Amino acid sequence: MIANLIQLAAEEEQNPLVPPGPELLVGTIAFAIVFFFFWKKLLPNINKVLEERREAIEGGIEKAEAAQTEAASVLEQYKAQLAEARHEAARLRQEAQEQGATLIAEMRAEGQRQREEIVAAGHTQIEADRKAAASALRQDVGKLATDLAGKLVGESLEDHARQSRVIDRFLDELEEKAEAAR
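Residues numbered from 1 in each chain as written. Predicted model: local features only at pLDDT ≥ 70, side-chain atom pairs only at ≥ 80, totals over all residues. Heavy atoms only, no water.

Draft legend 1. Quick look at the packing of aromatic side chains. A complete count under the given rule lists two aromatic pairs for this structure. With a centroid separation of 6.3 Å and 55 degrees between ring planes, the pair formed by Phe37 and Phe38 is classed as tilted. You can call Phe38 partly exposed: its relative accessible area is 43%. Sitting over the ring of Trp39, Lys40 keeps its end group 4.9 Å from the ring centre. (Phe/Tyr/Trp six-rings, centres within 6.5 Å; stacked < 30°, edge-to-face > 60°. Buried < 20%, exposed > 50% of the residue type's maximum accessible area, 1.4 Å probe, protein only. Lys NZ or Arg CZ within 6 Å of the ring centre and 35° of its normal.)

Draft legend 2. Structural context of the pattern of salt bridges. A complete count under the given rule lists seven salt bridges for this structure. In this structure, Glu110 engages Arg113 in a salt bridge whose closest nitrogen and oxygen atoms are separated by 2.2 Å. Taken together, the residues span about one helical turn, with Glu110 and Arg113 both in helix α2 (residues 21-153) at a distance of three residues. The class of Arg113 is partly exposed, set by a relative accessible area of 36%. Among the ionic pairs, Glu117 bridges to Arg113, the shortest N-O distance being 2.2 Å. One end of the pair is Glu117 and the other is Arg113, both in helix α2 and four residues apart, which spans about a single turn. One salt-bridge network, in which partners are shared between bridges, spans Glu51, Arg54 and Glu58. (Salt bridge = Lys/Arg side-chain N within 4 Å of Asp/Glu carboxyl O. Helix = DSSP H or I, 4+ residues; strand = E, 2+ residues; numbered from the N terminus.)

Below is the structure:
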């Protein structure tokens, strides 16, 4: 029979694109077995692995989105704290400037008061020195005038009470003339 088949096959002219019938039948059955095996055993495992991978990717995306949301909220908190710190720094700077201005004004007022005290003490000292100088000058002028008058008159004018009256009258007349000249 095999010999007949070989002879029959050799006699017939075959199309190279169409396989012989028995070969086609065996190929179809083998394909069905392989397809069934893939469909029952491998396809569920492949789908399971793909589903796990998809869930892992989606979970990673969700975690990344959650992390991004958290980072955005932390950034907003940071910006709010930074703005608050800047506001606080500006407020402290303003307070320091105000305190500095107040301190400067107080120091100026204290300096002005001390200057006025020093000037008043100086005027008082000058007035005391002027009175002392005037008193010393009166005594010196009186002594000189008495000595000169004594030399002119030829007698001693040593009586202190009389001497003081003469000196005071003479100096008062000089002061009146000086005031009238002004």
